[in-house]
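Close look at the chain arrangement
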Amino acid sequence: MAEPHILHDNEKSDGRAVESGDGILEKIEISSEVNPKPPSSTATQQGKDFEHGETSESDNVIIRTGADASAHLIELRDDFDPALTFRSIFIASILACFQAVMHQIYAFKPTQAVISGTFIVLIAYFMGNAWAAILPRGDKLEAKWRAKGNTGAVPTLIRVVSFFNHGPWGLKEHAICSITATSASAAGEGIQVFTAQKIFYEMELSAVTVVLATISIGLFGYGLAGIFRQFLVYHVEAVYWGTLPTVKTLQGLHWGSIKSSKPVRAFWIAFAAMFFYEILPAYIWPWLNSVSIPCLAAMGATGLTAKTLNILFGGSLNNQGLGLFSISLDWQYITSFSTSLPLSYQVHQGLGIVTCMLIMLILWYGNVWNAQSQPFMATRLRTREGGTYPTSKVFIGGVLDKTAFAKYGVPELTATFAYGMFAANAAIGALITHCFLFWGKDVVHAYKDSRNKVHHDRHHDHMVKHYKETPWWWFVIVLVISFVMGLVVVLVSNITLPAWGYIAALALGCFVAPLSTLLYSRFGNGIATNNLSKMLAGLMVPERPVGNMYFAAWSHSVIANCVGLSNDLKLGEYLKIPPRVMFITQLYGTILGGFVNYVVMISIVTGNEEMLATTDGSNAWSGASLQGYNTNASAWALAHYLYGSGSKYAVVPYGLLAGALLVAAHRVFVHFYPRIGKLDTRDINLPQFIQYAGYIPYNQTQTCVIFSTVISGFFVQYYLRNHKPRIFRDYYYMVAGAFDGAALLMLFILSFAVFGAGGKPVAFPKWWGNNRGENLDLCPSTSP
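In what follows, the accompanying structure is described.

How each quantity is defined
- Residues numbered from 1 in each chain as written.
- Predicted model: local features only at pLDDT ≥ 70, side-chain atom pairs only at ≥ 80, totals over all residues.
- Heavy atoms only, no water.
- Helix = DSSP H or I, 4+ residues; strand = E, 2+ residues; numbered from the N terminus.
- Contact = heavy atoms within 4.5 Å.
- Salt bridge = Lys/Arg side-chain N within 4 Å of Asp/Glu carboxyl O.
- Buried < 20%, exposed > 50% of the residue type's maximum accessible area, 1.4 Å probe, protein only.
- Disulfide = S-S within 2.5 Å.
- Axes fitted to C-alpha atoms, helices over the stretch in contact; angles between N-to-C directions.
- Parallel < 35°, antiparallel > 145°, perpendicular 65-115°, else oblique.
- Nonpolar A, V, L, I, M, F, W, Y, C, P; charged D, E, K, R; others polar.
- Core = buried A, V, L, I, M, F, W, Y, C linked by side-chain atoms within 4.5 Å.
- Phe/Tyr/Trp six-rings, centres within 6.5 Å; stacked < 30°, edge-to-face > 60°.
- Lys NZ or Arg CZ within 6 Å of the ring centre and 35° of its normal.

**Overview of the side chain of N425**
With respect to the helices and strands, N425 occurs in helix α21 (residues 415-451). In contact with N425, not counting residues within four places along its chain, are N531, L532, M535, W636, V652, P653, G655 and L656.

And the structure:
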């Protein structure tokens, strides 16, 4: 294993050139470096410690803060290997398409899940090493040539070979593949509006409109991420906890070996075990995703008893029930992302979900908003009689038909969904207020430190010293181009959104994006801002749900992309990717993703329109998330009728004010009571708590996975992190990353082999462990 390079503040550069291939792309890479340095003895020892699993001073440190993670969890090592090479871009292009496919597949799954970067990391690992092993290598040819006594410039043939395959597959090339791929999936954030437009409103979709709008949304989010990177990325507390499994997996695969590294051996053992296991809950035995003892014990119940059991304990299907005490043994829904978030997040999530369940039961059994005239949970607009509201008949061409509206009347919501919308608004109000009252001074200090070249994160300090920064005006150009592309779509296409509405949407995105990303960077999870987008759209562009969706696409989706692309910028810092190389690869991935996401969306939706629009779907495909998206847009398009003064759900918009007031009260409380025992009252994060206090009706309608997610998170973040710090640091992230990669690889195979993504679905034969067509958790049927 080659000795690694690591840099220390007291070392001086000797000006040594970086060894790399002689191709054009390698020259771009070298030009982005400022002061590359030789390996140090400390770095060599760190590499040995990693490889052999020996103890170090960080082994028993408990990771609590971002500063702890920077100093003890992520290594500073930098081998100065090339990043932007021909093979890294070629493989990245393939994987960007692959990631976009997976992103779209999960958009139509019954439970939304994060597509872990570890999945792409593993595929890139195999492809990159195969490329390096099979094709002629420039470094080997040059070594043979020089062994014959030759000196001077190498022959042209060797230089050409080096351009395509210069040497071993490196960590930075590997990282480029992962970052480009995730940038491509970011382009899919705005695709939801086009899917809803096709399924619910039968409006013609122009490929040019979709691609231009999707790229515009993705690029604008990236531009914002770059403009605000001083406090969203470079701050020491901006950890982006969910990306750590990807970082540790990349480092482990390149700095360790199966023979000498225990963590790497654990990785491959875990990968193999999960790969073969995942076919059981995903296809053969889906009951494993919703193990419910109460449902098993009362399978023969009927009538009111059966309905009550489903409300309390059912959760295998969307909108079935609360899923109390259901256990999921399917890792694809648990993921390393959920278990990697800090303990403070786990506590807020757990308390919020318990609160949500209690309030939902109070609403139902208290018959608030005449709750019992509708189902307990539903994501679609309802008629007064409890049926599905005929949205496509009321909105013709994306505009309200007053005659049809008079016929069908004002739609209704389930009480739980209305409450979920109220809580979502409250979380947004809390987010805005919390960022200003609790983190405002910190943001100002971060900007001042940046101007004064004071860097508290050792990883960013290393990057500043040895790589050229991306000029801020590059990001401004990206913003201008994306703005023009979006404006062309608004002016040329019939999307029912006026130009001034487009500008207002971007203004909202610019305001909320840094706030949402700030929370995400420190807690690992942000606040869903689509409710705010649709509420404002409903007020400014009334009675036009499609225009409402486009408004949200250029506000909420821009915010979501800013979060995701900021996360990738931090990944680049951890892995020492030159900033200008990051700029090129993220830009390329976002543009490529715009084309691929459109193609994949069309292929999945075609032939499945009815199921995605009108049913709760199956265990393989579901339109619940899309239905909720359309319901929200339609509801806000009828804001005057649904939420106006004196209307049934008039309290919902006031969630914004309620959330803001709660945080303001919290800030006053902190002033007088900064500590209660061991608890620092500043650590209470009301935006996160409020979000989860209304999370189930809108964001997690398949509830069988909730308890497993919470239990797994507490096990990792409380027990492992505090009582087994060395296992947490050396093994957890590697094993969790292996689980992600294996589960998602099997899912990808199943999606095209049997779930219908590549043709006709092939259902597994029905048996008690695969109760397809009915409740998979074997809760008693409520059908007459």
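**Points about the pattern of salt bridges**
Enumeration according to the criterion identifies 14 salt bridges in this entry. A salt bridge links D139 to R137, with the nearest nitrogen and oxygen atoms 2.8 Å apart. With relative accessibility at 29%, the residue D139 sits in the partly exposed group. Residues R229 and E469 are paired through a salt bridge, measuring 3.8 Å at the closest nitrogen-oxygen approach. Here E469 lies in the loop between α22 (458-466) and α23 (472-492) and R229 lies in helix α11 (residues 229-232), a separation of 240 residues in the sequence. One connected set of salt bridges, linked through shared partners, spans R726, R729 and D730.

**Details of the state of the cysteines**
Covalent bonding between the sulfur atoms of two cysteines defines a disulfide. This model, assessed by the stated rule, comprises one disulfide. Here C295 is linked by a disulfide to C779, with a sulfur-sulfur distance of 1.7 Å. Remark: C779 occurs in the segment after α36 (725-753) and C295 occurs in helix α15 (residues 293-297); sequence separation between them is 484 residues. Judged by its relative accessible area of 5%, C779 is buried.

**Focus: the environment of S781**
Along the chain, S781 falls in the segment after α36. Note: C-alpha distance between S781 and G300 (481 residues apart in sequence) is 8.7 Å. The contact partners of S781, leaving out residues within four places of it in the chain, are A306 and N775.

**Side note on the environment of D730**
Its location among the elements puts D730 in helix α36. Between the alpha carbons of D730 and G252 there is a distance of 9.3 Å; along the sequence they are 478 residues apart.

**Re the packing of helix α12 (residues 244-255) against α36**
At their nearest, the axes of α12 and α36 sit 8 Å apart, and the two run at 100 degrees to each other. Looking at the two axes, α12 sits roughly perpendicular to α36. Between α12 and α36, the residues in contact are L244, P245, K248, T249 and G252 and R729, Y733, M734 and G737, respectively. Residue composition of the contact of α12 with α36, grouped by class: four nonpolar, three polar and two charged.

**Here we look at the nonpolar core**
With 216 residues, the main nonpolar core has W554 and Y643 as its most contacted residues. A total of 17 residues in this core trace back to one element, the largest contributor, which is α21. Excluding residues that lie within four positions of it along the chain, Y643 makes contacts with L413, M421, A635, W636, Y649, A650, V652 and P653.

**Regarding the packing of aromatic side chains**
With the rule as written, the count across this model stands at 46 aromatic pairs. Aromatic side chains W287 and W768 sit 5.2 Å apart centroid to centroid with 65 degrees between the ring planes, which places their arrangement in the edge-to-face category. Of the two residues, W287 sits in the loop between α14 (279-284) and α15 while W768 sits in the segment after α36, which places them 481 residues apart along the sequence. Overall, W287 belongs to the buried group, its relative accessible area being 11%. Ring geometry for F475 and F583: centres 5.4 Å apart, planes at 85 degrees, overall edge-to-face. In this pair, F475 sits in helix α23 while F583 sits in helix α28 (residues 579-605), placing the two residues 108 residues apart along the sequence. Grouping residues by exposure puts F475 and F583 together as buried. In textbook terms, an aromatic cluster arises when at least three aromatic residues are bridged by ring pairs, as seen for Y125, F126, F267, W268, F271, F275 and F276. Sitting over the ring of W439, R522 keeps its end group 5.1 Å from the ring centre. The ring of F438 carries R667 above its face, with NZ or CZ at 5.4 Å from the centroid.

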